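In case you want the letters, here they are:
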Amino acid sequence: MLPFLLLLAALMPAQEVTGQPVEETLLWKVEGEGIAPSYVLGTIHVMPQSRFVVKDKVKAAFEETEQLVLELDIDDPGLQGAIMANAGMEGGETLEKLLPARAYEAIDAQLKSLMGVGLAPFNTFKPMLIASFLVAKYVGEQPASFEVSLMQMAAENNMEVLGLETVAEQMEVFDRIAYVDQAADLVEMIDDETRTKAMFNELMLKYLQEDQAGLYQMMGVYFDDPSQLDVMIHARNKNWIPRMVEQASKKSTFFGVGAGHLGGELGVLALLKKAGYTVTPIM
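Residues numbered from 1 in each chain as written. Predicted model: local features only at pLDDT ≥ 70, side-chain atom pairs only at ≥ 80, totals over all residues. Heavy atoms only, no water.

In terms of helices and strands, the protein chain carries 13 helices and 8 strands. When contacts within the protein chain are restricted to residue pairs at least 6 apart in sequence, long-range pairs at least 24 apart make up 83% of them. By element, 52% of the accessible surface of the protein chain is carried by carbon and sulfur atoms, the whole surface being about 12300 Å². (Helix = DSSP H or I, 4+ residues; strand = E, 2+ residues; numbered from the N terminus. Contact = heavy atoms within 4.5 Å. Areas by Shrake-Rupley, 256 points an atom, 1.4 Å probe, with all protein chains shown as cover.)

Time to look at the environment of G118. If you trace the backbone, G118 turns up in the loop between α5 (101-115) and α6 (127-139). Separated by 14 residues in the primary sequence, G118 and Y104 have C-alpha atoms spaced 10.0 Å apart. With near-sequence residues (within four places) excluded, G118 lies in contact with D108, L111 and K112.

This paragraph deals with the pairing of strand β1 (residues 27-31). Within β1, 4 of the 5 residues are buried, which leaves the element mostly enclosed by the surrounding structure. With 4 bridges joining them, β1 and strand β2 (residues 38-43) adopt antiparallel strand pairing. Across the sheet, W28 pairs through a bridge with V40, a residue of β2. Hairpin connection between β1 and β2: a loop of 6 residues separates the two successive antiparallel strands, and G34 in this loop has a positive phi of roughly 90°. (Buried < 20%, exposed > 50% of the residue type's maximum accessible area, 1.4 Å probe, protein only. Pairing = 2+ DSSP bridges.)

Enumeration over the complete set of coordinates arrives at 6 aromatic pairs. Where F146 meets Y207, the ring centres are 5.7 Å apart and the plane angle is 55°; that geometry is what we call tilted. Separated by 61 residues along the polypeptide, F146 in helix α7 (residues 146-156) and Y207 in helix α10 (residues 193-208) bring together distant segments of the chain. Grouping residues by exposure puts F146 and Y207 together as buried. (Phe/Tyr/Trp six-rings, centres within 6.5 Å; stacked < 30°, edge-to-face > 60°.)

Between its terminal C-alpha atoms α10 stretches 22 Å, which fits the 22 Å expected from 16 residues at 1.5 Å a residue. Residues of α10 that are buried: T196, M199, F200, L203, M204, K206 and Y207. Seen end-on, α10 carries its buried residues on one side only, within an arc spanning 160°. (Expected span 1.5 Å × (residues − 1). Arc of directions from axis to C-beta.)

Below, the discussion takes up empty space enclosed by the protein. Applying the stated criterion across every chain, the model contains 4 cavities of 30 Å³ or more. Considered as a void within the structure, the second largest cavity measures approximately 130 Å³ in volume. Surrounding the second largest cavity, L26, L41, G42, V53, V54, K55, K57, V58, F146, Y207, L208 and E210 form its lining. Of all the elements in the fold, those that place two or more residues in the lining of the second largest cavity are β2, α2 (56-63) and α10. Here the residues of the lining of the second largest cavity sort into 8 nonpolar, 1 polar and 3 charged. (1 Å grid on protein atoms, 1.4 Å probe; cavity = no way out; pocket = protein on both sides within 12 Å on 5 of 7 lines; lining within 4 Å. Points joined across faces, edges and corners; volume = space filled by probe spheres on them. Nonpolar A, V, L, I, M, F, W, Y, C, P; charged D, E, K, R; others polar.)

Pairing in this open sheet of 6 strands is mixed, and the strands run β6-β4-β7-β2-β1-β8 from one edge to the other. Whereas interior strands pair on both sides, the edge strands pair on one side only; in this sheet they are β6 (160-163) and β8 (278-281). Adjacent strand axes in the sheet meet at a mean angle of 25°, parallel and antiparallel pairs treated alike. Relative to β8, β1 runs antiparallel, the two being bridged by 4 bridges. Paired with K29 across the two strands is T280, which belongs to β8. (Axes fitted to C-alpha atoms, helices over the stretch in contact; angles between N-to-C directions.)

In C-alpha cells:
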C-alpha cells in the first residue's frame, strides 16, 4: 500500500529528526520484559527483481522466530474480497469527477496496457489505489516483493502469518486524505514519467543503502501537511505498538513493515524504546 510513497525520493542525510546520526540498517532486534526476542524489518513493498535480495542477516533473524507479522495478513484468502469491499470512495465520488479528462484518458490507456482493462471498472476507487496499479510501469521489469518473499519463507517454516491491521483499517486511512488531493498527486505522477522513474530509482538506492532515517525524512518531504504525515504514518505506528507487543509476548516474531515507518520520534523504533524495550541494530 501507500503507493505514492514508493515513488518518492529526496537526497536526505542519514539522520534522525533530532539531527543525530543513526545506524544505516533496516533490521532491528527487539527485546524486553514480557516478550520473546523478536525482529523488525523495514520493507519496500515493490522493487525490480534484478535489485531484490533477502540479505543473509534477514534470513538468519527469520530463522530465530516463530511467526511472521506484516502490515496485513496477505495470505488471508479473504484479502482480495476485503480490498474490493473497501476500495470505493465515500459520498458517491468518482474519478471521472476528480480527474481532468486528459488525465482520465491517459490513466485509462496505461491500465489497458498493464492490466488489459481500463479505468471504468475502478471509477469509484480511491486515487491512491489507482496509483498502486500503475507502480509496475515505473518498476520497469518483473516486480519483487519483500512481503511475498517473507510469506513464502514462513510457509517453508510452517510459520503462521498475521497482520498488524485489517484491510478496513488501512483503507480507512485513505479516506482521511482528501480525495481531491489524492487525485492531484495521481495526475502529477503520470504527467512527468521521466521524473517519476528517476524518483523511484533514487528511492531504490536509499533502500539498498538501508538508510532508514532518510526514508522516513522522505515522508516529511512528501506530506508537506503535517496532519497527513500523522494520519498515514504516525497514527498507524502508535496503533501498531500494543499489537506488536501482544504478538511478541506469545511467540518470537518477525515483523515486516514499510521502511518509512521505522524512523523519527514517532517511528516504530522510537515508540518501542519509549515503551521500555531494547532495540538493537543488526548490521
